[in-house]
Amino acid sequence: MTLTTMTLELCDTSAHLCRFEEVIEPYGIIEMVRTGTIEIEKGSDTFTAGK
């Protein structure tokens, strides 16, 4: 965060993220990236795509 910029990372439902976007829109969104669903494996096992 600086005096003129802020970087945020959010995790929530699409509905909540859309509502957050509506709330902060008046402040000027310069860039937004949405990834959709991702998976992170816990523990010592590994994740193989396509399984």
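For the structure given in this document, a descriptive report is provided here. Here the structure is a predicted model, which is why all the values come from computation and not from measurement.

Criteria and thresholds
- Residues numbered from 1 in each chain as written.
- Predicted model: local features only at pLDDT ≥ 70, side-chain atom pairs only at ≥ 80, totals over all residues.
- Heavy atoms only, no water.
- Salt bridge = Lys/Arg side-chain N within 4 Å of Asp/Glu carboxyl O.
- Helix = DSSP H or I, 4+ residues; strand = E, 2+ residues; numbered from the N terminus.
- Buried < 20%, exposed > 50% of the residue type's maximum accessible area, 1.4 Å probe, protein only.
- Patch = residues over 30% accessible without salt bridge, like charges linked within 9 Å, V, L, I, M, F, W, Y side chains within 5 Å.
- Areas by Shrake-Rupley, 256 points an atom, 1.4 Å probe, with all protein chains shown as cover.
- Contact = heavy atoms within 4.5 Å.

For the structure shown, the criterion picks out two salt bridges. The salt bridge involving Glu 22 is made with Arg 19; its shortest N-O contact spans 3.3 Å. With Glu 22 and Arg 19 both in helix H1 (residues 14-24) and three residues apart, this pair spans about one turn of that helix. Glu 21 is paired through a salt bridge with Arg 34; the nearest N and O atoms lie 3.9 Å apart. On the criterion of sequence distance, the pair formed by Glu 21 in helix H1 and Arg 34 in the segment after H1 is long-range, its members being 13 residues apart. With relative accessibility at 29%, the residue Glu 21 sits in the partly exposed group.

Quick look at a nonpolar patch on the surface now. A cluster of nonpolar side chains, namely Met 1, Met 6, Leu 8 and Leu 10, defines an oily patch on the protein surface of about 490 Å² accessible area. Relative to the assigned elements, Met 6 resides in the segment before H1.

Take the environment of Leu 17 next. For Leu 17, the location among the structural elements is in helix H1. Taking the C-alpha atoms as reference points, Leu 17 and Arg 34, 17 residues apart in sequence, are found 9.5 Å from one another. With residues up to four places along the chain from it excluded, the contact list for Leu 17 reads Leu 10, Asp 12 and Arg 34.

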